[in-house]
Amino acid sequence: MASSAAAVVAEAEGEEVTNRQVILKRYVTGCPTVDDMEVVAGAVRLAVPPGSAAVLVKNLYLSCDPFMRTRMTRHSEPGFVPDYVPGKVFVIVSISTCYVTVCQVLDTCNVSKVVLSGHPDFKPGDLLWGVTGWEEYSLIPNPMFCHRINHHEFPLSYYTGVLGVPGLTAYAGLFEVGKARKGEYVFVSAAAGAVGQIVGQLAKLTGCYVVGSAGSDHKVNLLKTKFGFDDAFNYKKELDLNAALKRCFPHGIDVYFENVGGAMLDAVLRNMRPRGRIAVCGQVSQYNLERPDGVDLFQLVGKHICMEGFLVSEYAGEYYRRFEEEMARYLKEGKVVYVEEVAEGIEAAPAALVGLFAGRNVGKQVVAVARE
Ligand SMILES: NC(=O)c1ccc[n+]([C@@H]2O[C@H](COP(=O)([O-])OP(=O)(O)OC[C@H]3O[C@@H](n4cnc5c(N)ncnc54)[C@H](OP(=O)(O)O)[C@@H]3O)[C@@H](O)[C@H]2O)c1
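None of these values were measured; they are calculated from a predicted model. (Residues numbered from 1 in each chain as written. Predicted model: local features only at pLDDT ≥ 70, side-chain atom pairs only at ≥ 80, totals over all residues. Heavy atoms only, no water.)

The next point concerns the overall build of the protein. A count of helical and extended segments in the protein gives 10 helices and 17 strands. Taken over C-alpha atoms, the radius of gyration comes to 21 Å for the protein, in line with the 21 Å a tight globule of 372 residues would show. For the protein, the spread of C-alpha atoms along the principal axes amounts to about 65 × 45 × 35 Å. When each of the 372 residues of the protein is scored for burial, the buried share is 54%. Summing over all exposed atoms, the protein offers an accessible surface of approximately 16,100 Å²; the carbon and sulfur share of this is 54%. (Helix = DSSP H or I, 4+ residues; strand = E, 2+ residues; numbered from the N terminus. Rg over C-alpha atoms; globule rule 2.2 N^0.38 Å. Buried < 20%, exposed > 50% of the residue type's maximum accessible area, 1.4 Å probe, protein only. Areas by Shrake-Rupley, 256 points an atom, 1.4 Å probe, with all protein chains shown as cover.)

For the pair helix α3 (residues 165-177) and helix α9 (residues 318-333), the least separation of the axes is 10 Å and the interaxial angle reads 105°. The angle between α3 and α9 falls in the class roughly perpendicular. Of α9, the residues touching α3 (which contributes Gly167, Leu168, Tyr171, Ala172 and Glu176) are Tyr319, Tyr320, Phe323 and Glu326. Split by residue class, the contact of α3 with α9 holds six nonpolar, one polar and two charged. (Axes fitted to C-alpha atoms, helices over the stretch in contact; angles between N-to-C directions. Parallel < 35°, antiparallel > 145°, perpendicular 65-115°, else oblique. Contact = heavy atoms within 4.5 Å. Nonpolar A, V, L, I, M, F, W, Y, C, P; charged D, E, K, R; others polar.)

Right, let's talk about the pattern of salt bridges for a bit. A complete count under the given rule lists 18 salt bridges for this structure. Among the salt bridges present, the one from Asp36 reaches Arg26, with a minimum N-O distance of 3.0 Å. In this pair, Asp36 sits in the loop between β1 (16-24) and β2 (37-45) while Arg26 sits in the loop between β1 and β2, placing the two residues 10 residues apart along the sequence. A salt bridge links Arg273 to Asp254; the nearest nitrogen and oxygen atoms lie 3.4 Å apart. In this pair, Arg273 is assigned in strand β14 (residues 272-280) and Asp254 in strand β13 (residues 253-258), connecting sequence segments 19 residues apart. The exposure class assigned to Arg273 is partly exposed, which follows from its relative accessible area of 28%. Asp254 gets classed as buried once you look at its relative accessible area, which sits at 9%. (Salt bridge = Lys/Arg side-chain N within 4 Å of Asp/Glu carboxyl O.)

In this section: unusual backbone geometry. Positive phi, close to 50°, is recorded for Lys179, a residue that is not glycine. Of note, Lys179 is situated in the loop between α3 and β10 (185-188). Of note, Ala190 is a non-glycine position whose phi angle comes to about 45°, a positive value. Tracing the chain through its elements places Ala190 in the loop between β10 and α4 (194-205).

Right, let's talk about the domain arrangement of the protein for a bit. Many structure descriptions define interface size as the accessible area lost when the parts assemble. Domains assigned within the protein are domain 1 (2-161 + 340-368) and domain 2 (165-313). At the junction of the two partners, domain 1 supplies 20 residues and domain 2 supplies 16 residues. Carbon and sulfur atoms make up 62% of the area that domain 1 and domain 2 hide from each other, which totals about 1,300 Å². The largest contributions to the domain 1 side of the interface with domain 2 come from Gly161, Val362 and Gly363, which together make up 26% of the buried area. On inspection of domain 1 and its partner domain 2, the count reaches zero salt bridges. Connecting domain 1 to domain 2 are five residue pairs in polar contact (both at pLDDT 80 or more). Of all the elements, helix α2 (residues 67-70) adds the most residues to the side of domain 1 that touches domain 2, at three residues. Of the residues in the side of domain 1 that touches domain 2, the class split is 10 nonpolar, eight polar and two charged. (Domains from an automatic or database assignment. Buried area = accessible area lost by both parts, 1.4 Å probe. Polar contact = N/O pair within 3.5 Å; in protein donor to acceptor, adjacent residues only side chain to side chain.)

Right, let's talk about the packing of aromatic side chains for a bit. According to the stated counting rule, one finds 15 aromatic pairs in the structure shown. Between Tyr158 and Tyr338, the aromatic rings sit 4.7 Å apart at their centres with planes inclined by 70°, giving edge-to-face as the arrangement. Taken together, the residues Tyr158 in the loop between β9 (146-148) and α3 and Tyr338 in the loop between α9 and β16 (340-344) connect sequence positions 180 residues apart. By relative accessible area, Tyr158 is classed as buried at 15%. Aromatic side chains Phe187 and Phe233 sit 5.9 Å apart centroid to centroid with 5° between the ring planes, which places their arrangement in the stacked category. On the criterion of sequence distance, the pair formed by Phe187 in strand β10 and Phe233 in strand β12 (residues 231-234) is long-range, its members being 46 residues apart. Side by side, Phe187 and Phe233 carry an identical accessibility label, which is buried. Ring pairs connect the aromatic residues Trp129, Tyr171, Phe175, Tyr315, Tyr319, Tyr320 and Phe323, which therefore count as one cluster. (Phe/Tyr/Trp six-rings, centres within 6.5 Å; stacked < 30°, edge-to-face > 60°.)

We now examine the site of the ligand. In the region of the ligand, 26 residues are neighbours, and Val195, Lys219, Tyr235, Tyr287 and Asn361 sit closest. Take Asn259: an N or O atom from its main chain is 3.0 Å from an oxygen atom of the ligand. Here an oxygen atom of the ligand sits 2.5 Å away from a polar atom, N or O, in the side chain of Asn361. When isolated, the ligand has an accessible area of 920 Å², and the protein chains bury 89% of it. Partitioned by chemical class, the residues of the shell around the ligand number 15 nonpolar, 10 polar and one charged. Taken together, domain 1 (2-161 + 340-368) and domain 2 (165-313) each give at least three residues to the shell around the ligand, which thus spans both. (Near = heavy atom within 4 Å.)

Structurally, Asp121 is set in the loop between β6 (107-117) and β7 (127-133). Overall, the relative accessible area of 45% leaves Asp121 in the partly exposed class. Along the primary structure Asp121 and Glu176 are separated by 55 residues, whereas in three dimensions their C-alpha atoms are 30 Å apart. Sequence-distant contacts of Asp121, that is, excluding residues within four places in its chain, are made with Asp126 and Arg148.

The structure is reproduced here in structure tokens:
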């Protein structure tokens, strides 16, 4: 193995090419804007450091994820992922013939093609998904967070969504954390987004009664007609969220898949059934606030509600592979349908990310930066 990896590296010396990258210009307060980010032209030599296990990839699809906003604020305490550092701080990483100019590029789980590899598990031409930068090329020193793409019968962008982090998040959150069972009442917020659309469909496949909330009539219609939700409502049009939930769930909610937090969580807590479960996936309504909204968590006590946070990274490895096979089967059989919105070109990436906080995306928001 070591010798074949070395052979790949030996062929790896190449030209220097422009590497357009999206960086953060300044720490963000409130809603992010396009001006908070900048597309800059860096450079990369098409090479991997000799003797290393590094992989150089060309990024094909960039994922837009709400949690990226949480990394744009400077936190006094370290979180589960580091904050982005703003500014054009160029560092030249140089090992022998290989170097890359590094600035603080935004990163998340993207879809890429291997250009050069010193790692025995990856060879040029392989397609993978995992943590890379919002840039045209990424040099990954150790591809431990990269996964081979096994199903080539679907659009590659699906690995930023239904077959990647959002799909796995929906699956693990609904079944491992929410423990949804046949016949139960399930509520999903941000239901027409990347995670929400999959949660609702998986809950329907399990035999649950499923209701979703979303921020436009178009999305509500999509939930009921395309994704097969039993009911849905536009939270922006409801004067009283508590009343809306009572209307949709006269018997209460068994499982809440929590994506938004704030007033919606507060209203849901009032409508949970005894021994209900809340899978706390995210709280997108809170990400742009200086101080989070108050929520009456005392409701958990009297009703023995289990409210459990989780991170999708717990479910990597074998669990992911089982999920990937099951989800690929559902897609092939038409049991799960998938909606995504594809922006074109790396210059479109900042606006696509900002759009998440205005609900401009219908389904998963992704950015196409290169073709295979
Ligand atoms: N725990 C984990 O490991 C993990 C992994 C992935 C994602 N997540 C979380 O899962 C949630 C969904 O992520 P996603 O990738 O599927 O995003 P998404 O739903 O595709 O996009 C975000 C959506 O949030 C809604 N939104 C924006 N601002 C809002 C507000 N103030 N109040 C209510 N809704 C608002 C918008 O839809 P509307 O038009 O409906 O308002 C928007 O389309 C997020 O909270 C994210 O952080 C967690």
